[in-house]
Amino acid sequence: YLYQLKNGVFTLVTSLTGESVNDRVLFGTKTEISDQVIAVSSPRRVPEKENGYVYLYYFDGTSCQFRQKISPPANDTDGDFGYSMTMYKNLICVSSPNSKISNERYGVVHVFGLSNDASMATYQRRYSNPTNIAGYGSYVALSDQYFSVATTSGYFLYKVVGDNWTFIGNYSQGNLSLIHI
C-alpha cells in the first residue's frame, strides 16, 4: 500500500500488486523510493521457484503508474533476484544472494541505471563476491559515496565516484580489512 502524508494525515493513494497470484506471495519483500520512482521486489515466484523480479512505478504526486518489470540477467538463475535492493538517485542495485557461480551459490548484485520516469532500466554492471562467502547480497546499501554489500558473515565496502566503483575493503568474521577510504 502507498500512503501519502499531508497535513499530518496519512491517506491511501493506491495498492500495488504483482502481476499474478504467485508473484503476490513475496511481492513487496523489499520496497525502495527515490524521488518519484518506487521499486517493489518479488524475489521468487512461489511455488514454481522461478527467478524473481523488481517492479518499477512512477509516482506523479497523486497516482502510481506501472512502468516496467526488471528481470535478472540470463546468467542469473534461481538466485532470489530482488531479495534485497537499494536505490539512490537514478541507480538501483538488486541482489541475487543465491545466484549460482560455477554451480556454487555465492550471490551477485546487479546495478541498473534508471530513466527519470522509470520507463527504462539499463543494465550497467555486476558485482560478485571476491572471496566466495555465502549470501553475497543478503543486504545492499547505496549512498552518494559508498556501496555496501552484506554476506552471511560480514560486508564488502566500495567507494563510488561517478561511474567508478572501487572495492575498498571488507569486514568479515571479526576481521577488518580496509584498503583506503
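Residues numbered from 1 in each chain as written. Predicted model: local features only at pLDDT ≥ 70, side-chain atom pairs only at ≥ 80, totals over all residues. Heavy atoms only, no water.

1. Looking at the side chain of Gln 68
Considering the arrangement of structural elements, one finds Gln 68 in strand 6 (residues 64-70). Exposure remark for Gln 68: the relative accessible area of 17% places this residue in the buried category. If we ignore the near neighbours within four places in the chain, the residues touching Gln 68 are Val 54, Tyr 55, Leu 56, Ala 118, Ser 119, Met 120 and Ala 121. (Helix = DSSP H or I, 4+ residues; strand = E, 2+ residues; numbered from the N terminus. Buried < 20%, exposed > 50% of the residue type's maximum accessible area, 1.4 Å probe, protein only. Contact = heavy atoms within 4.5 Å.)

2. Considerations on the environment of Thr 151
With respect to the helices and strands, the residue Thr 151 is situated in the loop between strand 14 (146-150) and strand 15 (154-161). For Thr 151, a relative accessible area of 8% translates into the label buried. When the C-alpha positions of Thr 151 and Tyr 171 are compared, they lie 9.8 Å apart, and in sequence the two are 20 residues distant.

3. A short note on the packing of aromatic side chains
Aromatic ring pairs: the centre-centre distance and the angle between the two ring planes describe each pair. This model, assessed by the stated rule, comprises 10 aromatic pairs. With a centroid separation of 6.4 Å and 85° between ring planes, the pair formed by Phe 81 and Phe 112 is classed as edge-to-face. One end of the pair, Phe 81, is in the loop between strand 6 and strand 7 (85-88); the other, Phe 112, is in strand 11 (residues 108-114), with 31 residues separating them in the sequence. The exposure class assigned to Phe 81 is buried, which follows from its relative accessible area of 0%. One aromatic cluster is present, formed by Tyr 136, Phe 147, Phe 156, Tyr 158, Trp 165 and Phe 167 through successive ring pairs. (Phe/Tyr/Trp six-rings, centres within 6.5 Å; stacked < 30°, edge-to-face > 60°.)

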